[in-house]
Amino acid sequence: ACLEPGGHYADYGDAGKDTTVQAILAFNLGDRVELGGSFGYLDRERSEDQTLFGERLGADVSNNGFSDVNVYGKFVFKPGKRPWAAGFLVKFPTADENELLGSGAADYELFVGNRRPSTHLVWMWNAAVRFNGDPDFSGAGSGQTSAALGGGLYMKLSYSWSFMAEASYETRRYDGDDAYFSIMPSFDFRPTENIALRLGTAFGLTDGAPDIDYSFGFVFHL
């Protein structure tokens, strides 16, 4: 089992910011099945005339509360040195849509991924299709079926330090929103076999992504 408490600070410039404290829990059922989920607390600020869930805001927003809960399952259908895995994710709408902390609707995602080790690196990629429900409040854009693609590399620098670089792209989730595209370099520091500290900074390349997103996590292998 693995527990990862952590957080994000996503800065959208003049548009606003999101500050999230969250926890991720994952555990294995045998060698091929992984189940997990995440939950957290969100503090959100948005400026008037910005777009959120496809809605053009008529006033500034400054709210906080519990975020949505995500639950996922993953199955390694081709193990070995170059494993393939597929799975699903369900977003439960636990965030308060009246405070614009969530859409108020459930979302469903299917994904597939692959890892390919080379001499000094591990290459990774994943693809997903997400079915986004219509937001449960008036004025919002309707939910769309979005497609996502990501890839990256993992490099072991020393016994304690590792470097990772990832790129993520997703088409818009709601009418009126923009696509998401970011690049994130990150470092892992592992002082012991069961504990790791993760630090990353994502740089947004589209209006649908924050200008910069700082993230951290403490990983405990139980």
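For the structure given in this document, a descriptive report is provided here.

Analysis parameters
- Residues numbered from 1 in each chain as written.
- Predicted model: local features only at pLDDT ≥ 70, side-chain atom pairs only at ≥ 80, totals over all residues.
- Heavy atoms only, no water.
- Helix = DSSP H or I, 4+ residues; strand = E, 2+ residues; numbered from the N terminus.
- Rg over C-alpha atoms; globule rule 2.2 N^0.38 Å.
- Buried < 20%, exposed > 50% of the residue type's maximum accessible area, 1.4 Å probe, protein only.
- Contact = heavy atoms within 4.5 Å.
- Salt bridge = Lys/Arg side-chain N within 4 Å of Asp/Glu carboxyl O.
- Lys, Arg positive; Asp, Glu negative; His and termini not counted.
- Phe/Tyr/Trp six-rings, centres within 6.5 Å; stacked < 30°, edge-to-face > 60°.
- Lys NZ or Arg CZ within 6 Å of the ring centre and 35° of its normal.
- Core = buried A, V, L, I, M, F, W, Y, C linked by side-chain atoms within 4.5 Å.
- Pairing = 2+ DSSP bridges.
- Patch = residues over 30% accessible without salt bridge, like charges linked within 9 Å, V, L, I, M, F, W, Y side chains within 5 Å.
- Areas by Shrake-Rupley, 256 points an atom, 1.4 Å probe, with all protein chains shown as cover.
- Charge placed at Lys NZ, Arg CZ, Asp CG, Glu CD.

Per the secondary structure count, the protein includes zero helices and 15 strands. In terms of C-alpha radius of gyration, the protein reaches 18 Å, essentially the compact-globule figure of 17 Å for 222 residues. For the protein, the spread of C-alpha atoms along the principal axes amounts to about 55 × 30 × 30 Å. Every one of the 222 residues in the protein was classed for burial, and the buried ones make up 37%. In the protein, the proportion of contacts linking residues at least 24 apart, taken out of those at least 6 apart, comes to 48%.

On to the pattern of salt bridges, then. For the coordinates displayed, the defined rule picks out eleven salt bridges. Between E34 and K74 there is a salt bridge whose closest N-O contact spans 3.8 Å. With E34 in strand β3 (residues 33-46) and K74 in strand β7 (residues 69-78), this pair connects stretches of sequence that are 40 residues apart. Here R173 makes a salt bridge to E170, at a shortest N to O gap of 2.9 Å. By relative accessible area, which is 12% here, E170 ends up buried. A cluster of three or more residues bridged by salt bridges with shared partners is formed by D68, K91, D107, E109 and R130.

On to the side chain of E97, then. Note on placement: E97 falls in the loop between β8 (84-92) and β9 (107-117). The side chain of E97 sits in the buried core without any salt bridge; K91 is the nearest counter-charge, 9.1 Å away. Dropping the residues within four chain positions of it, E97 is found in contact with G102, S103, G104, D136 and F137.

What the rule picks out here adds up to eight aromatic pairs. Judged by centre distance (6.2 Å) and plane angle (80 degrees), the ring pair of F53 and F137 falls under edge-to-face. A residue pair is termed long-range when its members are at least 10 positions apart, and F53 in the loop between β4 (51-52) and β5 (55-56) and F137 in the loop between β10 (121-132) and β11 (145-156) qualify at 84 residues. Overall, the relative accessible area of 17% leaves F137 in the buried class. Relative to Y174, the ring of F53 has its centre 5.6 Å away and its plane inclined at 80 degrees; by these criteria the two rings are edge-to-face. Placement of the pair is F53 in the loop between β4 and β5 and Y174 in the loop between β12 (161-170) and β13 (180-192), with a sequence separation of 121 residues. F53 gets classed as buried once you look at its relative accessible area, which sits at 12%. Between R46 and the ring centre of Y12, over which it is positioned, the NZ or CZ distance is 4.2 Å.

Attention now goes to the nonpolar core. If you look at the biggest cluster of nonpolar residues, it comprises seven residues: L52, F53, L57, V61, L100, F137 and Y174. Apart from the residues lying within four places of it in its own chain, the contact partners of L100 are R44, L52, F53, E55, L57, V61 and F137.

Here we come to the pairing of β3. The pairing of strand β2 (residues 16-29) with β3 spans 14 bridges and is antiparallel. Paired with F27 across the bridge in β3 is L35. In textbook terms, the turn of a hairpin is the stretch between consecutive antiparallel strands, and for β2 and β3 this stretch comprises three residues, one of which, G30, has a positive phi near 80 degrees. Looking at chain direction, β3 and β7 are connected through six bridges and run antiparallel.

Our focus in this paragraph is a negative patch on the surface. On the surface, a cluster of negative charge is made up of D14, D178, D207 and D211. Relative to the helices and strands, D178 resides in the loop between β12 and β13.

Moving on: a nonpolar patch on the surface. Together, L3, L25, F27, L29, I195, L199, F216, F218, F220 and L222 give the surface a local cluster of nonpolar side chains, amounting to about 890 Å² of exposed area. Of all the secondary-structure elements, those providing two or more residues to the nonpolar patch are β2, β14 (195-204) and β15 (212-221). You can see I195 is positioned in strand β14.

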